[in-house]
Amino acid sequence: MTKIYLSKSEKRLMYALLCVPLALLTLGIYHGLMQTLYRSGMISQTSFAALDYYQGLTLHGVINALVLTTFFAVAFGHVCMSYYTGYKMRMTTAWISAILMITGTILAAAMILAGKASVLYTFYAPMKAHPLFYIGNVLLIGGSWVSFFGWIGMYRRWRREHPGERIHLAVVATMVNFTMWFVCSLSVAYSVLFLLLPWSMGLTPTVNVPLTRTLFWFFGHALVYFWLLPVYLMYYVMMPTLAGGKLYSDNAGKLVFFLFLVFSIPVGTHHQFSEPTITQGVKFFQSILTYGVAIPSFITAFTLAASLEYAAWKKGHRSKNPFAWLTRLPYFEKDRYLFSYLICGLIIFIFGGLTGMINASYVLSSLVHNTAFLPGHFHMTVAGPVFLGIIGMSLYLLERLSGREIRLKRITNIIPYLWTIGMFIFSAGLMVGGFRGEPRRTNMGISYMDPDSPLYRPDWVWTTGTTVIGGVILFAAAGLFFIVLLDLLFGKKTKESYISFPTYDVVHKEKVIPFLNSFKPWIIIMLALILVAYVPAFLNVMKFTGREAPPYEPQNPSPLELYQQPEEAGDTDIYNLDQNE
Ligand code: HAS
């Protein structure tokens with residue numbers, strides 16, 4: 001395995017990018033467990049330990065889904081671009097990026113903790129947050145762009161110095177991910193800077209809600225693939241070697257990443273099937289494209305299964321039983337713990353993916369939309385392969401950066417299996433509950449799960465109880481992860497510090513296909529598809545949106561002016577505002 005040695009500054013950067021979000025993750029994980037307790041009625045109050053329900057849910061979503069994932073994608077991107085191009089990291093852009101991201105995170109987290117931004121990770125208007133929350137998000141996202149700008153320079157240099165050569169799959173994966181991220185996050189940057197921020201600062205009285213939501217989902221579905229692709233990189237580039245085999249096809253891998261580039265963005269309105277301002281034709285078209293975005297994952301399922309089966313054959317597997325190869329993989333090998341994180345993520349993703357196909361259906365979505373089924377689906381994606389890939393790779397990188405060795409190897413190996421068991425129990429509770437009508441994002445402890453409430457639903461007791469059992473197991477697995485992490489970070493340095501990755505060989509010698517060795521054609525297709533899918537959606541939103549909305553808080557159905565300043569504003573003033581329409 002090739003080794004690269006990082007400079008002091010590079011190491012400091014990597015520690016900052018990996019450890020800041022992992023420290024915050026303690027809060028994110030704690031609020032995950034709290035969610036299950038609120039939802040099951042075990043906590044029957046609006047707040048606990050000085051944080052209210054929506055504050056906790058916002059912390060959970062923002063830290064786990066936005067902060068951890070973005071920091072990790074940038075950290076892993078730096079190290080992969082450096083390792084697979086052979087160039088040093090671009091430290092000026094890397095540090096500017098890290099400082100912006102850390103500042104943005106501090107601002108957003110401070111506003112949530114102060115109770116001024118309980119707007120959940122989607123920050124849907126008309127729920128209003130403090131301006132600093134929006135600014136924090138812009139800095140976090142904009143900061144990650146700066147790293148990408150540095151990598152563009154590295155990529156172009158590599159191209160100049162290696163004309164006609166095959167680009168490494170890891171470089172394709174990283175550049176695809178951040179190209180998609182840059183394009184999709186332009187919409188949310190526009191929404192935040194020009195719509196939400198002036199509105200939240202009181203410069204504009206109302207905001208166009210469907211427009212902000214459509215701009216959010218232009219970003220939002222590509223966001224989920226931004227979480228996933230670093231882990232897909234690990235699956236393609238590292239997992240075959242960890243399993244003791246080879247990658248079935250490098251070209252298939254490249255096709256997969258380029259298909260994500262093309263399909264990830266123009267599917268956002270599948271989150272808005274219930275949005276009345278968008279017409280059926282637009283939704284139907286994007287529903288079909290959503291099936292398109294599942295194709296790269298289907299290709300992945302077959303390519304990875306073939307690669308893993310090849311590994312089993314190399315180890316002497318000769319059974320005629322078509323599934324017996326599954327028993328020959330290194331599930332519990334202490335020194336290959338990364339394999340167990342990756343394989344568990346894949347197993348969970350089979351179900352995360354299948355439930356995604358249910359959501360993608362324009363018809364079935366009306367059954368599950370905004371029910372507990374949705375968190376059931378997305379925990380088996382972002383809290384399955386993505387989370388396990390992130391924590392597994394973080395341990396792997398920190399071990400090598402620090403020159404220390406993980407001492408609690410057995411525990412390290414067991415964590416992903418415990419997490420998988422917890423995730424299946426937890427998600428099953430949510431999904432069955434969702435089919436029975438349980439809403440998502442609802443403090444059910446003070447309503448449906450409170451036996452004294454007229455809204456009480458005894459038929460939801462066992463489903464929410466199941467999520468508590470799953471939640472406790474997940475919490476225990478996360479607790480073990482932190483024990484291993486702290487033991488690693490405070491242990492003794494025993495070896496030299498360097499980075500090396502178990503990198504694939506391919507089963508078949510493949511030709512360089514020019515179409516799969518260049519970004520240009522794919523970027524053109526991506527832009528064309530975005531125009532076809534989104535111009536009609538935005539025209540719809542501009543045409544059919546009714547009155548714009550004043551700001552609200554999540555706990556209160558009255559507009560904020562009425563709620564906060566009844567004496568100054570006066571009821572009549574507010575009603576006049578409505579009647580002007
Ligand atoms: Fe999703 C909502 C559709 C994938 C995350 N999704 C969400 C939300 C999140 C999310 C967070 O169409 C909620 C947003 C909110 O807050 O409102 N999703 C899909 C589809 C896919 C999909 C079609 N989602 C993801 C991924 C996510 C994610 C990935 C995060 C990382 N999703 C939707 C839709 C909605 C939605 C609608 C909106 C619903 C609504 O009503 O609001 C596809 O990309 C899935 C394709 C995946 C597969 C699985 C392939 C299987 C593989 C494993 C192979 C295993 C092997 C191992 C080889 C087809 C690759 C074998 C070894 C053994 C030992 C067995």
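Please refer to the structure higher up on the page.
What counts and how
Residues numbered from 1 in each chain as written. Predicted model: local features only at pLDDT ≥ 70, side-chain atom pairs only at ≥ 80, totals over all residues. Heavy atoms only, no water. Donors = N, O, S within 2.8 Å, 3.2 Å for Na, K, Ca; no water. Helix = DSSP H or I, 4+ residues; strand = E, 2+ residues; numbered from the N terminus. Expected span 1.5 Å × (residues − 1). Polar contact = N/O pair within 3.5 Å; in protein donor to acceptor, adjacent residues only side chain to side chain. Phe/Tyr/Trp six-rings, centres within 6.5 Å; stacked < 30°, edge-to-face > 60°. Buried < 20%, exposed > 50% of the residue type's maximum accessible area, 1.4 Å probe, protein only. Near = heavy atom within 4 Å. Contact = heavy atoms within 4.5 Å.

Student: Mind showing me how you'd approach the coordination of the iron atom of the ligand here?
Tutor: Perfect tetrahedral coordination of a metal by four donors corresponds to 109.5 degrees between them, and perfect octahedral coordination by six donors corresponds to 90 or 180 degrees. If you check the protein contacts of the iron atom of the ligand, you find one donor only, His377 (NE2), at 2.2 Å. Along the polypeptide, histidine 377 turns up in helix α11 (residues 373-379).

Student: Explanation requested: helix α7 (residues 250-263) in the structure shown.
Tutor: Along an α-helix, a turn takes 3.6 residues, which lines up residues three or four apart on a common side. Here α7 contains 14 residues, and its C-alpha end-to-end distance of 20 Å stays within 8% of the 20 Å for a straight helix at 1.5 Å per residue. Between a side-chain oxygen at the N-terminus of α7 and the backbone nitrogen of asparagine 251 the separation is 3.4 Å; the capping residue is serine 249.

Student: Got a minute to help me understand the packing of aromatic side chains in this structure?
Tutor: Each aromatic ring pair is described using two quantities: the centre-to-centre distance and the angle formed by the ring planes. The full count for this structure, using the stated rule, is 47 aromatic pairs. Taken together, a centroid distance of 5.6 Å and an interplanar angle of 45° make the contact between tryptophan 181 and phenylalanine 219 tilted. Within this pair, whereas tryptophan 181 is found in helix α5 (residues 169-200), its partner phenylalanine 219 is found in helix α6 (residues 209-242), the two being separated by 38 residues in sequence. Across the pair, exposure class does not vary: tryptophan 181 and phenylalanine 219 are buried alike. Measuring from ring centre to ring centre gives 5.3 Å for phenylalanine 258 and phenylalanine 519, while their planes differ by 80°; the resulting arrangement is edge-to-face.

Student: Is there a simple way to think about the site of the ligand in this case?
Tutor: Of all residues adjacent to the ligand, which total 35 residues, the nearest are Tyr121, Tyr225, His369, His377 and Arg440. At a separation of 2.6 Å, an oxygen atom of the ligand approaches a polar side-chain atom of tyrosine 225. Asparagine 359 is positioned such that a nitrogen or oxygen atom in its backbone is 3.3 Å from an oxygen atom of the ligand. Those elements that place two or more of their residues in the shell around the ligand are α6, α8 (280-314), α9 (337-360), α11 and α12 (382-402).

Student: How should I be thinking about the environment of serine 191 in this particular structure?
Tutor: With respect to the secondary-structure elements, serine 191 resides in helix α5. Relative accessible area serves as the criterion here: at 2%, serine 191 is assigned to the buried category. Leave out the neighbours within four places in its chain, and serine 191 touches Leu196, Thr212 and Leu215.

Shape descriptors only; they carry no functional weight alone.
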